[in-house]
Amino acid sequence: MTNGKRQMAKDKRQMTNDKGQITKMVESVVKNWQGEQVGETTFELRVAKEETASHIVHRALVRQLTNARQGNASTKTRAEVRGGGRKPWRQKGTGRARAGSIRSPLWRGGGVIFGPKPRDFNLKLNRKERRLALRTAFVSRIDDLIVVEEFSTELSRPKTKELVAALARWGVVPESKALLILSEIADTDNVYLSARNIENLKLIAADQLNVFDLLHADKIVVTASALEKIQEVYSA
């Protein structure tokens, strides 16, 4: 195959891979620690087309929930239950039904018929589909997205009360479920130490997004640097 034909074949494959996707540009205001609007930001991500968006997001959500199952439920068959090796009574002449073992599934304490056994529930979804589902789910929550400036320097020490007040200033109702996305998370970070005791608030790093958390939250708070990292990590 010549170089020209190889390039044409590569371009054709690229068109096929990009089929069903569109580039969506989103604009959002940026708030500071006090909840005031201090600017605007724009980002763009390739998402699934409207007719296929719900399908790809649903597949990714089902995969995540299914893969979280341990699959270690187990029951014993009559061969695995201890005991029952001796015939309980002779075959004939007792007036009772014939029985060969006290561990028959018909007996109390016997084996289980067709009971659960350890199994693997994992579903496969290729990398491009997973990233497409993540981008689509993220952009679909644009109405509930709150972009804020970096505020780690605002917390000189761990203080849950101050972070709760900031969330309220940003428009997060205390009873609602919120997802806070940061560019990176450290166990010694004041933001992490302040957020870990807040009910209905989940803290997550920008490179650890998942479909369930994006769809489960009522409000999504993301820092400007985390938004840039999301574009960097998931745009490829």
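Residues numbered from 1 in each chain as written. Predicted model: local features only at pLDDT ≥ 70, side-chain atom pairs only at ≥ 80, totals over all residues. Heavy atoms only, no water.

Student: How do you make sense of helix α2 (residues 50-67) when you look at a structure like this?
Tutor: Helix length check: α2 (18 residues) gives 26 Å between terminal C-alpha atoms against 26 Å at 1.5 Å per residue, within 8%. Turning to α2, its buried residues are Ala 53, Ile 56, Val 57, Ala 60 and Thr 66. Contacts made by the buried residues of α2 are with β2 (37-48), α3 (127-140) and α6 (211-216). (Helix = DSSP H or I, 4+ residues; strand = E, 2+ residues; numbered from the N terminus. Expected span 1.5 Å × (residues − 1). Buried < 20%, exposed > 50% of the residue type's maximum accessible area, 1.4 Å probe, protein only. Contact = heavy atoms within 4.5 Å.)

Student: I would appreciate a short explanation of the pairing of strand β6 (residues 219-223) in the present structure.
Tutor: Both faces of the sheet carry side chains from a regular strand, because those side chains alternate between them. Extensive coverage of β6 is indicated by the burial of 4 of its 5 residues. By the bridge criterion, 4 bridges tie strand β3 (residues 145-148) to β6 in an arrangement that is parallel. Bridging across to β6, Val 148 finds its partner in Thr 223. The pairing of strand β4 (residues 178-182) with β6 spans 4 bridges and is parallel. When the bridges of β6 are listed, Leu 179 appears paired with Ile 220. (Pairing = 2+ DSSP bridges.)

Student: Just to check I follow, could you spell out a nonpolar patch on the surface for this structure?
Tutor: A grouping of Ile 102, Leu 106 and Trp 107 is seen on the molecular surface, where their side chains present a nonpolar patch of about 310 Å² in accessible area. Its place among the elements puts Ile 102 in the loop between α2 and α3. Using a relative accessible area of 30% as the deciding quantity, one classes Ile 102 as partly exposed. (Patch = residues over 30% accessible without salt bridge, like charges linked within 9 Å, V, L, I, M, F, W, Y side chains within 5 Å. Areas by Shrake-Rupley, 256 points an atom, 1.4 Å probe, with all protein chains shown as cover. Salt bridge = Lys/Arg side-chain N within 4 Å of Asp/Glu carboxyl O.)

Student: Explanation requested: the pattern of salt bridges in the structure shown.
Tutor: When the charged atoms of two side chains with opposite charge come close together, those side chains can pair. With the rule as written, the count across this model stands at 6 salt bridges. Glu 129 serves as the salt-bridge partner of Arg 59, at 2.9 Å between the closest nitrogen and oxygen. In this pair, Arg 59 sits in helix α2 while Glu 129 sits in helix α3, placing the two residues 70 residues apart along the sequence. Arg 59 gets classed as partly exposed once you look at its relative accessible area, which sits at 32%.

Student: What should I look at first to understand the environment of Gln 34 in this one?
Tutor: Take Gln 34: it is sitting in the loop between β1 (21-31) and β2. When its relative accessible area of 45% is taken as the criterion, Gln 34 is described as partly exposed. Residues Gln 34 and Ala 168, 134 residues apart in the sequence, show an inter-C-alpha distance of 9.9 Å.

Student: Please clarify how helix α7 (residues 224-234) should be interpreted in this entry.
Tutor: Residues spaced three or four apart along an α-helix point in a common direction, a consequence of the helix completing one turn every 3.6 residues. Of all the positions in α7, only Ala 226, Leu 227, Ile 230 and Tyr 234 are classed as buried. Each buried residue of α7 sits inside an arc of 105° when the element is viewed along its axis, so together they form one side. Away from its buried face by more than 90 degrees, α7 exposes Glu 228 and Glu 232. Packing partners of the buried residues in α7 comprise β2, α3, β3, β4 and β6. (Arc of directions from axis to C-beta.)

Student: For this particular structure, what's the right way to read the packing of α2 against α3?
Tutor: Working note: a packed helix pair is described by the angle between its axes plus the distance between those axes. The geometry of α2 relative to α3 is characterised by a closest axis approach of 9 Å and an angle of 110° between their N-to-C directions. Relative to α3, the element α2 lies roughly perpendicular. Note that α2 runs across α3; the crossing there is left-handed. Listed contacts from α3 to Ala 53, Ile 56, Val 57, Arg 59, Ala 60 and Arg 63 of α2 are Glu 129, Arg 130, Leu 132, Ala 133, Thr 136 and Ala 137. Here the residues of the contact of α2 with α3 are counted per class, giving 7 nonpolar, 1 polar and 4 charged. (Axes fitted to C-alpha atoms, helices over the stretch in contact; angles between N-to-C directions. Parallel < 35°, antiparallel > 145°, perpendicular 65-115°, else oblique. Left-handed = near helix turned anticlockwise from the far one by under 90°. Nonpolar A, V, L, I, M, F, W, Y, C, P; charged D, E, K, R; others polar.)

Student: Would you explain the pairing of strand β5 (residues 201-205) in this entry?
Tutor: β5 sits mainly inside the fold: 4 of its 5 residues count as buried. Relative to β5, β4 is paired through 5 bridges, and the arrangement is parallel. Bridged to Leu 182 within β5 is Ala 205.

Student: Even after reading the chapter, I still don't get the packing of aromatic side chains, so can you show me in this structure?
Tutor: Centre-to-centre distance and the angle between the planes together describe a pair of aromatic rings. Inspection of every chain in the model, using the stated rule, returns 5 aromatic pairs. Ring geometry for Trp 33 and Trp 170: centres 5.9 Å apart, planes at 80°, overall edge-to-face. In this pair, Trp 33 is assigned in the loop between β1 and β2 and Trp 170 in helix α4 (residues 160-170), connecting sequence segments 137 residues apart. Across the pair, Trp 170 and Trp 33 agree in class, each one buried. Ring geometry for Trp 89 against Trp 107: centres 5.8 Å apart, planes inclined by 35°, an arrangement best described as tilted. Here Trp 89, found in the loop between α2 and α3, pairs with Trp 107, found in the loop between α2 and α3; they are 18 residues apart in sequence, far enough to count as distant. Through successive ring pairs, a cluster of aromatic residues spans Trp 33, Phe 151 and Trp 170. Lying over the aromatic face of Phe 121, Arg 69 brings its terminal NZ or CZ to 3.7 Å of the ring centre. Over the aromatic face of Trp 89 sits the side chain of Arg 96, whose NZ or CZ is 3.9 Å from the ring centroid. (Phe/Tyr/Trp six-rings, centres within 6.5 Å; stacked < 30°, edge-to-face > 60°. Lys NZ or Arg CZ within 6 Å of the ring centre and 35° of its normal.)

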